[in-house]
Amino acid sequence: MLVVLDTSQSMLAEDAAPSRLGRAKAELVDLLGKLGGQRVGLVAFAGRAQVLCPLTPDLGFFRGVLDGVNTRSVARGGTRIGDGLRVALAAFGPGGGSRLILLITDGEDQDSYP
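A brief structural summary. (Residues numbered from 1 in each chain as written. Predicted model: local features only at pLDDT ≥ 70, side-chain atom pairs only at ≥ 80, totals over all residues. Heavy atoms only, no water.)

**Section: the sheet that holds strand 4 (residues 101-104)**
In a beta sheet, neighbouring strands pair by backbone hydrogen bonds and run either parallel or antiparallel.
Inference 1: Strand order in this open sheet of four strands is 3-2-1-4, and the pairing throughout is mixed. Since the sheet does not close on itself, it has two edges, and those belong to strand 3 (49-56) and strand 4, each with one partner. Adjacent strand axes in the sheet meet at a mean angle of 15 degrees, parallel and antiparallel pairs treated alike.
Inference 2: Where strand 1 (residues 2-6) and strand 4 come together, four bridges link them in parallel fashion. Of the residues in strand 4, the one forming a bridge with Leu2 is Ile101. (Pairing = 2+ DSSP bridges. Helix = DSSP H or I, 4+ residues; strand = E, 2+ residues; numbered from the N terminus. Axes fitted to C-alpha atoms, helices over the stretch in contact; angles between N-to-C directions.)

See the structure below:
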């Protein structure tokens, strides 16, 4: 599973405690306990997208990367959902097997044509 996480400034809104981003990270930590040996990776996106954690069975490593995610994790502001999805698809690489993308965002795309 690749998590595609919105790190735009709007994720700092406090309508979900402590913030949208903080809530998303807490929910992901809860989900990690239910994955049972599955590989997980992380793509952060705002105005651009970047793989922060490649697919790994090491959930401790994933959690460490996730803990450090903030609105400065990618260099450009915005909400380009399509870019996040395309980077995630490429991160799966060649080969078979199950592929799952979990998209977490609060916005609509601003022209990246998801």
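Let's pick the thread back up.
**Notes on the side chain of Thr56**
Inference 1: Within the secondary structure, Thr56 sits in strand 3.
Inference 2: A polar contact of 3.0 Å, which involves the side chain of Thr56, links it to the backbone nitrogen of Asp58.
Inference 3: Ignoring any residue separated from it by four or fewer positions in sequence, one finds Thr56 in contact with Gln38, Arg39, Val40 and Phe61. (Polar contact = N/O pair within 3.5 Å; in protein donor to acceptor, adjacent residues only side chain to side chain. Contact = heavy atoms within 4.5 Å.)

**Re the packing of helix 1 (residues 20-32) against helix 2 (residues 59-67)**
Inference 1: At a closest axis distance of 11 Å, the pairing of helix 1 and helix 2 adopts a crossing angle of 175 degrees. Judged by the inter-axis angle, helix 1 sits roughly antiparallel to helix 2. For the pair helix 1 and helix 2, contact is made by Lys25, Leu28, Val29 and Leu32 and by Leu59, Phe62, Arg63, Leu66 and Asp67, respectively.
Inference 2: Its residues assigned to classes, the contact of helix 1 with helix 2 shows six nonpolar, no polar and three charged. (Parallel < 35°, antiparallel > 145°, perpendicular 65-115°, else oblique. Nonpolar A, V, L, I, M, F, W, Y, C, P; charged D, E, K, R; others polar.)

**Things to note about the nonpolar core**
Inference 1: Counting 17 residues, the largest nonpolar core has Val3, Leu5, Val40, Leu42, Phe62, Leu66 and Ile104 as its most contacted members.
Inference 2: When residues of this core are traced back to their parent elements, those giving at least two are strand 1, helix 1, strand 2 (40-45) and helix 2.
Inference 3: Broken down by element, the residue count for this core peaks at four residues, all from helix 1.
Inference 4: Apart from residues lying up to four places away in sequence, Val3 is in contact with Leu28, Val40, Gly41, Leu42, Val43, Phe62, Leu102 and Ile104.
Inference 5: Residues Leu2, Val43, Phe45 and Ile81 belong to the second largest nonpolar core, which totals nine residues. (Core = buried A, V, L, I, M, F, W, Y, C linked by side-chain atoms within 4.5 Å. Buried < 20%, exposed > 50% of the residue type's maximum accessible area, 1.4 Å probe, protein only.)

**As for the pattern of salt bridges**
Inference 1: One pass over the structure, following the stated rule, counts five salt bridges.
Inference 2: Salt-bridge contacts for Asp106 lead to Arg20; the nearest nitrogen and oxygen are separated by 2.6 Å. In this pair, Asp106 sits in the segment after strand 4 while Arg20 sits in helix 1, placing the two residues 86 residues apart along the sequence.
Inference 3: The partly exposed category is assigned to Arg20, whose relative accessible area is 25%.
Inference 4: Linked through salt bridges whose partners overlap, the residues forming this network are Asp15, Arg20 and Asp106. (Salt bridge = Lys/Arg side-chain N within 4 Å of Asp/Glu carboxyl O.)

Just distances and angles here, no functional claims.
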